[in-house]
Amino acid sequence: MREVRISLVGFGIVGHGVLEVVRRKRELLKDMGLDLKVVSVTDINGTLFDEKGIDPQRLHGARTLEGIANLGIIGKEAIQEIDSDLVVEVTPTNIVHGQPGLGHIEEALSQGKHVVTSNKGPLVVAFNHLKELAQDNGVMLKYEATVGGTMPLISLIEKNLVGNEILSIRGIFNGTCNYILTRMMEEKYTYSYALTEAQELGIAEADPAYDVDGIDTAGKVVILANSIFGMDVKYDDVNVTGIRDITPEALNLAWERGYLIKLIGDVPTLTVKPMLVPRRSPLAVGGTLNVASIETDLSGTITVTGLGAGSIETASAIVSDVVSIYTSRQIDA
Amino acid sequence: MRLSMDLELQDIPGQLMQSLEPFKKYKGNIISVVHHRDRKTPRGTVPVQIVFEIDPSNIDNVKKHLEENGIVVVRAGEDRFIEEISVLLIGHVVHSDLGDTINRIDSTGFAEVEDLSLRMPGIDEPSSAYMRIRATGKEEIGTSLSILRKVGAEKDLLVIEPIEAEKI
């Protein structure tokens, strides 16, 4: 049995999901020869540490670690002090400077710890730097959950499509925009009405700019460009148009001619913009779904679709990354 | 190669069948046949337009065969507008001089706006327009889109292109 000591940094929606998935899948993971032990959880209030592995019951119903933390250390200091093999970094994302996640990931990699993250910010700001840092320290940096949530995209390309040249990836990478456009088309809602509905359902944030202006999608385009296409690009290199100006009339005109309007991110052209998608295209998925079409030289075009966000869904992608680090290592040995 | 032909047939039974025969003989693939029975020429003949694909080296044989059978070949040549693309515009489409927007495409000589639909929900609200552009080739479609993007930037219109266009 291989014991894996995990430090969880960030205790928001995704952090909760990670604890829950590790708990639910404990037996299955043990059957695979892995004993995943979350030895610490850190948020801005402090760190909860238990060498034997934290019992999720202790955190049941808690939204933060206030009053629960048993160590006063946070952030980089916590990563440095606590003896762990792997850091799961799930703090809030910032696409401009990448902090605090960037510092956390740098610290973990420098300490020789593997890192699994769902945090786009650090990767958008410093992908190649972090990748090199991982390599120099002989550890792995995995980030499947940053693009398309639970939808397997990066691992699909790196593992199953290995040997293929990837010519392009285009798709819907933001569930909030897809939900708003779907409702505008189906119910003839105005943009602002559909946005309000999405906000009431918790699908859109109170400040929706990050989603509806295409910023989130552009971040994912940057990550795909750097990781899959070996480019060295930043957020500013992406040409971004959001969905605020889309009208129900435009959606209706498009529908009559056999099209839907979707916010499409495209690599390597580095564009994010609303586009006409044929109704019968595999990219024409509705609701909050994400979808990606991968154009390859050998395998033709492969399309994957799935839930782009959600606590358990994102955590599932994170746990898959953790497992893949240790299973691929076994093959190496 | 895709070509089109304008023919004039005598208004007698069997002429249409006869006009299609050389396409079979010279391995042409007929894409469409439009038979204008209601639009007879002053000469009393019936105009027919045929669009087809054929090895260009056989086109003269087809023409010769037709003429030998008394069928008038008015025009034969490449189908000019073989590519088309759908585009949506959102913004003050009409008040930013829709005529000029269309003319910027039409004046190229290699592309034309066909089929325009407009939705104008209210005086101060942005309108939405659907247009189909036809052009002489893929490259010309690409150029037309660049023109439209430029016009869009000038007139503050959101130009929504189809995903297939990216491949052009």
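In this report, we go over the structure that sits alongside the text. Everything numeric here is computed off the predicted structure, so don't read it as measured data.

What counts and what doesn't
Residues numbered from 1 in each chain as written. Chains lettered and ligands numbered in written order. Predicted model: local features only at pLDDT ≥ 70, side-chain atom pairs only at ≥ 80, totals over all residues. Heavy atoms only, no water. Helix = DSSP H or I, 4+ residues; strand = E, 2+ residues; numbered from the N terminus. Rg over C-alpha atoms; globule rule 2.2 N^0.38 Å. Buried < 20%, exposed > 50% of the residue type's maximum accessible area, 1.4 Å probe, protein only. Contact = heavy atoms within 4.5 Å. Areas by Shrake-Rupley, 256 points an atom, 1.4 Å probe, with all protein chains shown as cover. Lys, Arg positive; Asp, Glu negative; His and termini not counted. Charge placed at Lys NZ, Arg CZ, Asp CG, Glu CD. Polar contact = N/O pair within 3.5 Å; in protein donor to acceptor, adjacent residues only side chain to side chain. Buried area = accessible area lost by both parts, 1.4 Å probe. Salt bridge = Lys/Arg side-chain N within 4 Å of Asp/Glu carboxyl O. Nonpolar A, V, L, I, M, F, W, Y, C, P; charged D, E, K, R; others polar. Pairing = 2+ DSSP bridges. Axes fitted to C-alpha atoms, helices over the stretch in contact; angles between N-to-C directions. Core = buried A, V, L, I, M, F, W, Y, C linked by side-chain atoms within 4.5 Å.

### Points about the overall build of chain B
Each helix and strand counted, chain B has four helices and eight strands in total. Sequence-ordered secondary structure for chain B, helices as α and strands as β, is β-α-β-β-α-β-β-α-β-β-α-β. A globule of 168 residues ought to have a C-alpha radius of gyration of about 15 Å, yet chain B, at 21 Å, is considerably larger. With the C-alpha coordinates aligned to their principal axes, the bounding extent of chain B is approximately 60 × 35 × 25 Å. For chain B, with 168 residues in total, the buried portion stands at 43%. Taking the contacts inside chain B whose residues are at least 6 apart along the sequence as the reference set, 69% of them involve residues at least 24 apart. Here chain B has roughly 9,000 Å² of accessible surface; of this, 49% comes from carbon and sulfur atoms. Across chain B, the 21 positively charged side chains and the 29 negatively charged ones have centroids separated by 6 Å.

### A short note on unusual backbone geometry
Among all residues except glycine, the phi angle is most often negative; among peptide bonds, the trans geometry is most common. Each neighbour pair has its own omega, and for Gln 99 of chain A with Pro 100 of chain A the value is 5°, a cis peptide bond. With respect to the helices, strands and loops of the structure, Pro 100 of chain A is situated in the loop between strand 4 (86-89) and helix 4 (101-110). Although it is not a glycine, Leu 270 of chain A sits at a positive phi angle of roughly 55°. Looking at the element boundaries, Leu 270 of chain A is found in the loop between strand 9 (259-267) and strand 10 (271-278). Positive phi outside glycine occurs at Lys 27 of chain B, with the angle close to 55°. Structurally, Lys 27 of chain B is set in the loop between helix 1 (15-25) and strand 2 (29-35).

### Observations concerning the side chain of Ser 86 of chain B
Positionally, Ser 86 of chain B belongs in strand 5 (residues 83-91). In terms of polar contacts, Ser 86 of chain B uses its side chain to reach the side chain of Tyr 130 of chain B, at 2.8 Å. If sequence neighbours within four positions are ignored, Ser 86 of chain B has contacts with Tyr 259 and Leu 276 of chain A together with Tyr 130, Met 131 and Pro 162 of chain B.

### Description of the interface of chain B and chain A
Residue-level contacts link 20 residues of chain B with 28 residues of chain A. Summed over both sides, the interface between chain B and chain A buries roughly 2,000 Å², with carbon and sulfur atoms accounting for 62% of that surface. The interface formed by chain B and chain A includes three salt bridges. Residue Asp 115 of chain B is joined to Arg 257 of chain A by a salt bridge in which the shortest nitrogen-to-oxygen separation is 2.6 Å. Elements represented by at least two residues in the side of chain B that touches chain A include exactly strand 5, strand 6 (111-119), strand 7 (127-135) and strand 8 (158-160) of chain B. With four residues, strand 5 of chain B is the largest single contributor of residues to the side of chain B that touches chain A. When grouped by side-chain class, the residues that make up the side of chain B that touches chain A number eleven nonpolar, three polar and six charged.

### Details of the sheet that holds strand 7 (residues 166-172) of chain A
All names here are of chain A. Taking strand neighbours across the sheet as the criterion, the six strands line up as 8-10-9-7-11-12 in an open arrangement whose pairing is mixed. Each edge of the open sheet carries a strand with a single partner, namely strand 8 (239-240) and strand 12 (301-307). For strand 7 and strand 9, the ladder comprises three bridges, and the chain directions are antiparallel. Directly across from Gly 171, in strand 9, lies its bridge partner Gly 265. Strands in contact with helix 10 (residues 215-227) are strand 7, strand 8, strand 9 and strand 10; relative to strand 9, the strand with the most contacts, it is inclined by about 45°. Set on the sheet, helix 11 (residues 248-256) makes contact with strand 9 and strand 10; between it and strand 9 the angle comes to about 100°.

### A closer look at the nonpolar core
Residues and elements named next belong to chain A. Within the largest apolar cluster, 74 residues are counted, with the highest numbers of intra-cluster contacts made by Leu 153 and Ile 246. A total of seven residues in this core trace back to one element, the largest contributor, which is helix 5 (residues 120-136). Membership of the second largest hydrophobic core comes to 31 residues, among which are Val 22, Val 116, Ala 317 and Ile 325.

### As for the pairing of strand 1 (residues 2-9) of chain A
Residue and element names in this part refer to chain A. Among the eight residues that make up strand 1, six are buried, leaving the element largely enclosed by the rest of the structure. Relative to strand 2 (residues 34-43), strand 1 runs parallel, the two sharing eight bridges. From the neighbouring strand, Arg 5 faces strand 2, where its bridge partner is Lys 37. Relative to strand 4, strand 1 runs parallel, the two sharing four bridges. Bridge pairing in strand 4 links Ile 6 to Leu 86.

### Some remarks on the environment of Arg 119 of chain B
On the secondary structure map, Arg 119 of chain B appears in strand 6. Placed eleven residues apart in sequence, Arg 119 of chain B and Tyr 130 of chain B show a C-alpha to C-alpha distance of 8.8 Å. Contacts of Arg 119 of chain B, omitting those with residues within four sequence positions, involve Glu 249, Asn 252, Leu 253 and Glu 256 of chain A together with Ser 127 and Ser 128 of chain B. A distance of 2.7 Å separates polar atoms of two side chains, one belonging to Arg 119 of chain B and the other to Asn 252 of chain A.

### So, the sheet that holds strand 4 of chain A
Residue and element names in this part refer to chain A. Across the sheet, six strands lie side by side as 3-2-1-4-5-6; this open sheet has mixed pairing. A strand with exactly one partner marks an edge of an open sheet, and here the two such strands are strand 3 (46-49) and strand 6 (141-142). Bridge analysis of strand 5 (residues 114-117) against strand 6 gives two bridges, and the strand direction is parallel. When the bridges of strand 6 are listed, Val 116 appears paired with Lys 142.

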